[in-house]
Amino acid sequence: MEHSKSLENILAAPYKRYLSSIIDAVIILVLISPLLYIGYKDYADIDYVNGFILMAFLVKLLVYVIVDIVIPFYTKGRTIGRLLLKLRIRNQDGSVVSVYNLVKRASIFVFISFLSDILFVSFIAYIIWSVVFVLSILFIYSDPLRQTVHDKVAKTIVVDDVLSMSLEKEL
């Protein structure tokens, strides 16, 4: 119980989480935006269109893996946005986040992208994304550990490094 209470004292403020997510989203957008310029060359050539869609999904998948799994794994829980705002993803028990939990965390976004890009059910993907977004906002203010949907799935939390360091100095 005491450990859980100390974790609550170092959780990242919601506004910092939003800002770090916006920074990461801009990075992802910049990395995948060349796909918008490649675009469809020949709408009549179904093989080209299908190949482009598959290639676009695979590029997005690679970008998601790098931004949401590889970088946080090597930086002990920090994406670029979290690094700039001095935040860190941790396992729910406060330990360094595992690659397995990073994969589970990113899987929600990959699944939504898969629905939209590969199965062509964009409407359903947008509904799922909207539900995840609204639930995450509700959870971040009502959950004692400020866990969003992907945090709950992966059993992770996001902590503020500045608060974490000051707590460690007190102990």
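It should be noted that the structure appears before, not after, this text.
Residues numbered from 1 in each chain as written. Predicted model: local features only at pLDDT ≥ 70, side-chain atom pairs only at ≥ 80, totals over all residues. Heavy atoms only, no water.

A. Summary view of the overall build of the protein. Looking only at helices and strands, the protein has 9 helices and 2 strands in total. For the protein, the residues scored as buried account for 40% of the 171 residues in total. Accessible area for the protein stands at about 10,100 Å²; split by element, carbon and sulfur atoms hold 71% of it. (Helix = DSSP H or I, 4+ residues; strand = E, 2+ residues; numbered from the N terminus. Buried < 20%, exposed > 50% of the residue type's maximum accessible area, 1.4 Å probe, protein only. Areas by Shrake-Rupley, 256 points an atom, 1.4 Å probe, with all protein chains shown as cover.)

B. Just the nonpolar core, in detail. Residues A12, I69, L85, L87, I89, V97, L102, A106 and V158 constitute the largest nonpolar core, which totals 9 residues. Broken down by secondary-structure element, the contributors of at least two residues to this core are β1 (87-91) and α6 (99-117). The residues touching L102, leaving out its near neighbours within four places in the chain, are D68, I69, P72, F73, I89 and V97. Core analysis: the second largest hydrophobic core is formed by 8 residues, I32, F52, V63 and V67 among them. (Core = buried A, V, L, I, M, F, W, Y, C linked by side-chain atoms within 4.5 Å. Contact = heavy atoms within 4.5 Å.)

C. Focus on the packing of aromatic side chains. Using the criterion set out here, one finds 3 aromatic pairs in the structure. Summarising the aromatic geometry, the rings of F57 and F114 are spaced 5.8 Å apart at their centres and angled 65° between planes, so their arrangement reads as edge-to-face. You can see F57 sitting in helix α4 (residues 46-74) and its partner F114 sitting in helix α6, a full 57 residues away along the chain. With relative accessibility at 32%, the residue F114 sits in the partly exposed group. With centroids separated by 5.1 Å and ring planes inclined at 80°, the aromatic side chains of F73 and Y74 adopt a geometry described as edge-to-face. Y74 gets classed as exposed once you look at its relative accessible area, which sits at 66%. Taking NZ or CZ as reference, K152 lies 5.0 Å from the ring centre of F139, over its face. (Phe/Tyr/Trp six-rings, centres within 6.5 Å; stacked < 30°, edge-to-face > 60°. Lys NZ or Arg CZ within 6 Å of the ring centre and 35° of its normal.)

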